[in-house]
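Summary of structural features
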Amino acid sequence: MTTATANAEGVKGASGTPVIQAKGLGHAYGERQIFENLEFSVAQGEFVCIVGPSGVGKTTLLQSLTGLLQPSNGAVVFEGKTVKSPPEGLAIVFQDYSRSLMPWLSVLDNVALPLRSAGVKKAERLRLSTEALTEVGLKDFTAAYPWQLSGGMQQRVAIARALASQPRAIVMDEPFASVDAQTRSDLEDLVLRVRDHLGITVMLVTHDIDEAVYLADTVLVLSGRPATVTALIDVDLPVPREQLATKALPKFAELRTEVYRLIKAPVPPAEPATAPSA
Amino acid sequence: MPESVTTSPAGAGTPAPAGAAPSRRRARSSRSSRQRELLASVGLKIAAIGAALLLWHWFALNRGRAAGVPTPARLVETAADMVATSSYWEAVGSTLVSAVIGFGLSVLIGVPLGLLIGTFKPMERSTTFVIDFGRTIPGVAILPVVLLLYGSTRTMVLILVMFSALWPILVQSMYAAQQLSPQVRQVAKSYRMDFRTRVRFIYVPSAMPFIMTGLRIAATISLLITISSEFLGGADGIGQRLFNSLSINDNDRMFVWVVTAALLGVLLNMLLGAAQRRVLWWHPSQRENNR
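Residues numbered from 1 in each chain as written. Chains lettered and ligands numbered in written order. Predicted model: local features only at pLDDT ≥ 70, side-chain atom pairs only at ≥ 80, totals over all residues. Heavy atoms only, no water.

**A word on the overall build of chain A**
So the rule is basically this: Note on conventions: DSSP H or I runs of at least 4 residues are helices, E runs of at least 2 residues are strands, and numbering of each starts at the N terminus. The rule is simple: take the accessible area with a 1.4 Å probe, protein chains only, and divide by the maximum for that residue type; under 20% is buried, over 50% is exposed, in between is partly exposed. Whether two residues touch is decided by their heavy atoms; if any such pair falls within 4.5 Å, the residues are in contact. Throughout, the Shrake-Rupley method with a 1.4 Å probe supplies accessible areas, and for residues the shown protein chains are the sole cover considered.
Counting its secondary structure elements, chain A contains nine helices and ten strands. Within chain A, the proportion of its 278 residues that are buried is 56%. Long-range pairs, those at least 24 residues apart, make up 70% of the contacts in chain A with a sequence separation of at least 6. Only carbon and sulfur atoms are counted for the fraction: they give 53% of the accessible area of chain A, which is about 11200 Å².

Written out as structure tokens, the structure is:
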């Protein structure tokens, strides 16, 4: 049985060294407190899904985690250093792939652009970008332009761009929210595969409970107003995950029910069975 | 049992969703159908020109006769004589030089200034009134003053051209500076891109669509104002020759100048269209050309 705890130490992973830590993190837009007093840490190589109802402040949280936004309270620590701006070693994949890729650059140039800025030599740039594109299965599309590709493929280009700089952690903001269901499952498996292959830490924001449970080692449930970490749930489903087999496990259903309940009612009801009988 | 999963992929390792083959920029899928399309469009263009010529001919023989409008045939005859003279080409050259210099100076001033104003909100707020005021004044309205100051010179023409062509470039460049989406800004920031990379690969390309629009509008205005100020202010060029022909009732020649001005306009538009396709081939408005 999984336990729902709002415990700050609820991390898993053999190594246990925290890569990303939120310390008393809070943010407010003017008078409106979005979230407050968030305490959690993400271990090396861990896959954490942040799930919560829409409007709960997931994107704001992600922006403060990555240093794109200065939080009003508390701090984010990445590899031991307080995050003030996007740190080296942390890459971000945005939700809106169509606007995060440059239409005037080829797939290869899009992927290589951050490397160019980092001063990586041309031959090395080419090697790293091609490697990253191979990782996402797009090595035959290097000369194409983003707008010639389907949505799923564009998002894979964005993932390759994140991978090209060889990050140690990757943060994804609802990366599959605007692709169709089939593509979505493909991309989920792709991200899992890449994570296993490269051993990077992943934080993924989603509003989709199934997706969160399917992907994560730990599901972080964000809810309430202002939002707090309602629960950190260990997902002890067998690996590697598989779309059909994993989702057919009773354990999977159990976990998603639990997450669902936590999102709907921040304080879990004492006797949940009584609710639907009416 | 949990409810069954409705959307389930065959396997984790399935390749990319098909479709969207990488049709490269210059690749042509079906050559023959494209050629047919091209032929049809050229045919329609010729038909439209033919219809316009017929209408003109009919008008010249009826109502237009009293006003001395030449028939197309007569016009071609006169034009053939005129283009053989160096005086014709001097006038055309003079007009072109004025228009190009005036346009070039407008670009040199308008683009950087517009980008600067557009980038900084306080600057935009403080200049809005001046810009809206300035661009509403018709260029010819200040002609008497400029003529008084500089006489019938090229300087007079250039000042008038710049006074008119600068505004669209300025305004479009201001918009251009604001075209950068917050999303792209975040991408640049999250990947710690340096200023040079941002300018070259992000800022400039994303500003180009609006700047190009400004340039196209301004180029046409430059030619128009050059000819008008030659006509009204007497500086050398097509406009002045037009005026001279008009004042001695030489209608045939006058219409050759009119047509010359029109042809220059068409040529200019074609050049700019080609430039736009070269610069903005990636833009949705140009993409149908690469399919």
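**Looking at the nonpolar core**
This is how the line gets drawn: Each nonpolar core is a collection of buried residues, namely Ala, Val, Leu, Ile, Met, Phe, Trp, Tyr and Cys, held together in the definition by side-chain atoms within 4.5 Å.
Within the largest apolar cluster, 96 residues are counted, with the highest numbers of intra-cluster contacts made by Ile159(A), Val219(A), Val221(A) and Val259(A). Sequence-distant contacts of Val219(A), that is, excluding residues within four places in its chain, are made with Cys49(A), Val51(A), Ala212(A), Val213(A), Ala231(A), Leu232(A), Ile233(A), Val235(A) and Val259(A).

**Here we look at a positive patch on the surface**
Definition in use: Note on patches: the residues involved have over 30% relative accessible area and no salt bridge, like charges join within 9 Å, and the nonpolar side chains Val, Leu, Ile, Met, Phe, Trp and Tyr join within 5 Å. Between Lys or Arg on one side and Asp or Glu on the other, a salt bridge is scored when a side-chain nitrogen of the former is within 4 Å of a carboxyl oxygen of the latter. Charge assignment in this entry is limited to Lys and Arg as positive and Asp and Glu as negative, and neither His nor the chain termini are counted. Where a charge lies is defined by one atom per residue type, namely NZ (Lys), CZ (Arg), CG (Asp) and CD (Glu).
Judged by side-chain charge, Arg116(A), Lys122(A), Arg196(B) and Arg200(B) come together as a positively charged surface patch. With respect to the secondary-structure elements, Arg196(B) resides in helix H9 (residues 195-233).

**Looking at the sheet that holds strand E4 (residues 73-78) of chain A**
Residues and elements named next belong to chain A. In plain terms, the rule: DSSP bridges decide pairing: two strands pair if at least two such bridges lie between them. The convention used is that axes are lines fitted to C-alpha atoms, helices contributing only their stretch in contact, and that angles between N-to-C directions extend from 0 to 180 degrees.
Pairing within the open sheet is antiparallel, and its four strands lie in the order E2-E1-E4-E5. Looking along the sheet, the strands with just one partner apiece sit at the ends: strand E2 (32-43) and strand E5 (81-82). Judged from the eight bridges that link them, strand E1 (residues 18-29) and E2 form a sheet pairing that is antiparallel. Its bridge partner being in E2, Leu 25 is matched across the sheet by Leu 38. Contacts from helix H1 (residues 58-65) reach E1, E2 and E4, with the element oriented near 55 degrees to E2.

**With respect to the packing of aromatic side chains**
Inclusion rule: For Phe, Tyr and Trp, where Trp contributes only its six-membered ring, two rings pair if their centres lie within 6.5 Å, and the inter-plane angle classes them as stacked under 30 degrees, edge-to-face over 60, or tilted in between. Two conditions define a charge sitting above a ring: the NZ of Lys or the CZ of Arg must be within 6 Å of the ring centre, and it must be within 35 degrees of the ring normal.
For the structure on display, the rule yields ten aromatic pairs over all chains. Summarising the aromatic geometry, the rings of Tyr145(A) and Trp281(B) are spaced 4.6 Å apart at their centres and angled 70 degrees between planes, so their arrangement reads as edge-to-face. Taken as a pair, Tyr145(A) in the loop between helix H4 (122-135) and helix H5 (151-164) and Trp281(B) in the segment after helix H11 (251-279) lie in two separate chains rather than in one. Considered together, Tyr145(A) and Trp281(B) belong to a single accessibility category, that of buried residues. Ring pairs connect the aromatic residues Tyr145(A), Trp147(A) and Trp281(B), which therefore count as one cluster. One residue, Lys247(A), lies across the ring of Tyr214(A), its end atom 4.9 Å from the ring centre.

**Remarks on helix H5 (residues 121-136) of chain B**
In an α-helix, one turn spans 3.6 residues, which is why side chains three or four residues apart end up on the same side. Residues and elements named next belong to chain B. The test is simple: One fewer than the residue count of a helix, multiplied by 1.5 Å, yields its expected span. Bend at a given residue is defined as the angle between two axes, one fitted to the seven residues that end at that position and one fitted to the seven that begin there.
Taking 1.5 Å of rise per residue, the 16 residues of H5 would be expected to cover 22 Å, and the 22 Å separating its terminal C-alpha atoms lies within 8% of that figure. Taking the largest bend as the criterion, H5 deviates by roughly 45 degrees, centred on Thr 127. Every buried residue belonging to H5 is among Glu 124, Thr 127, Ile 131 and Gly 134, and all of these are buried.

**With respect to the sheet that holds strand E3 (residues 47-51) of chain A**
Hydrogen bonds along the backbone pair up the strands of a sheet, which may run parallel or antiparallel. All names here are of chain A. Taken in spatial order, the six strands make up an open sheet running E6-E7-E8-E3-E9-E10, and their pairing is mixed. This sheet does not close on itself; its edge strands, each paired only once, are strand E6 (90-93) and strand E10 (228-234). Ignoring which end each strand starts from, the neighbouring axes of this sheet average 15 degrees apart. Bridge count between strand E7 (residues 169-173) and strand E8 (residues 201-206): five bridges; the pairing is parallel. Bridging across to E8, Val 171 finds its partner in Met 203.

**Some words on the packing of helix H7 (residues 154-177) of chain B against H9(B)**
Residue and element names in this part refer to chain B. Heads up, the rule is: By the definition adopted for this analysis, an angle is roughly parallel if under 35 degrees, roughly antiparallel if over 145, roughly perpendicular if from 65 to 115, and oblique otherwise. Crossing handedness: left-handed means the near helix sits turned counterclockwise from the far one by under a right angle, and right-handed means the same turn made clockwise. Three classes are used: nonpolar for Ala, Val, Leu, Ile, Met, Phe, Trp, Tyr, Cys and Pro, charged for Asp, Glu, Lys and Arg, and polar for all others, with Gly counted as polar.
Running from N to C, H7 and H9 cross one another at 165 degrees; their axes reach a closest spacing of 8 Å. Taken together, H7 and H9 sit at an angle that is classed as roughly antiparallel. Considering only the axes of H7 and H9, their crossing is right-handed. When the residues that make up the contact of H7 with H9 are grouped by side-chain class, the tally is 17 nonpolar, nine polar and one charged.

**What to know about the confidence of the model for chain A**
Residue and element names in this part refer to chain A. This is how it is decided: Within a predicted model, pLDDT stands for the predictor's per-residue confidence, ranging from 0 to 100.
With 89% of its residues at a pLDDT of 70 or more, chain A shows a mean pLDDT of 82. Segment residues 1-14: pLDDT under 50, and 33 contacts once partners within four positions in sequence are set aside and those in other chains are kept. When the criterion is pLDDT under 50, residues 268-278 qualifies, and its contacts beyond four places in sequence or with other chains add up to three contacts.

**Some remarks on the environment of Ala43(A)**
Residues and elements named next belong to chain A. Relative to the elements of secondary structure, Ala 43 occurs in strand E2. Under the relative-accessibility criterion, Ala 43 is labelled buried at 1%. Put simply, Ala 43 and Thr 201 are 158 residues apart on the chain and 7.4 Å apart in space, counted from C-alpha to C-alpha.

**Quick look at the packing of H5(B) against H7(B)**
Residue and element names in this part refer to chain B. It is at 10 Å that the axes of H5 and H7 come closest, and there the two elements cross at 145 degrees. Once H5 is placed against H7, the crossing between them reads as left-handed. Residues Glu 124, Ile 131, Gly 134 and Arg 135 of H5 lie in contact with H7, whose contacting residues are Phe 163, Trp 167, Leu 170, Val 171 and Met 174. When grouped by side-chain class, the residues that make up the contact of H5 with H7 number six nonpolar, one polar and two charged.

**Comments concerning the pattern of salt bridges**
Residues and elements named next belong to chain A. On inspection of all chains with the given rule, the structure shows 19 salt bridges over all chains. Here Asp 217 and Arg 195 are joined by a salt bridge, their closest N and O atoms 3.0 Å apart. A residue pair is termed long-range when its members are at least 10 positions apart, and Asp 217 in the loop between helix H7 (209-215) and strand E9 (218-223) and Arg 195 in helix H6 (residues 181-198) qualify at 22 residues. Under the relative-accessibility criterion, Asp 217 is labelled buried at 9%. The network of salt bridges with common partners includes Arg 184, Glu 188, Asp 208 and Glu 211.

**As for H1(A)**
All names here are of chain A. Of all the eight residues making up H1, seven are buried; the element is thus mostly covered by neighbouring parts of the structure. Residues Lys 58, Thr 60, Leu 61, Leu 62, Gln 63, Ser 64 and Leu 65 constitute the buried set of H1. Positioned one or two residues after H1, Gly 67 has a phi angle of 85 degrees, which is positive.

**Some points on the pairing of E6(A)**
All names here are of chain A. Residue alternation in E6 divides its side chains into two sets, Leu 90 and Ile 92 and Ala 91 and Val 93, and both sets are buried. With four bridges joining them, E6 and E7 adopt parallel strand pairing. Directly across from Ile 92, in E7, lies its bridge partner Val 171.

**Here we look at the pairing of E4(A)**
Residue and element names in this part refer to chain A. When E1 meets E4, the two strands line up antiparallel, connected through five bridges. Of the residues in E4, the one forming a bridge with Ala 22 is Val 76. Of the pairings in the sheet, the one linking E4 to E5 comprises two bridges and is antiparallel in character. For Phe 78, the partnering residue across the bridge sits in E5 and is Lys 81. Where E4 hands over to E5, the hairpin turn is made up of two residues, of which Glu 79 adopts a positive phi near 50 degrees.

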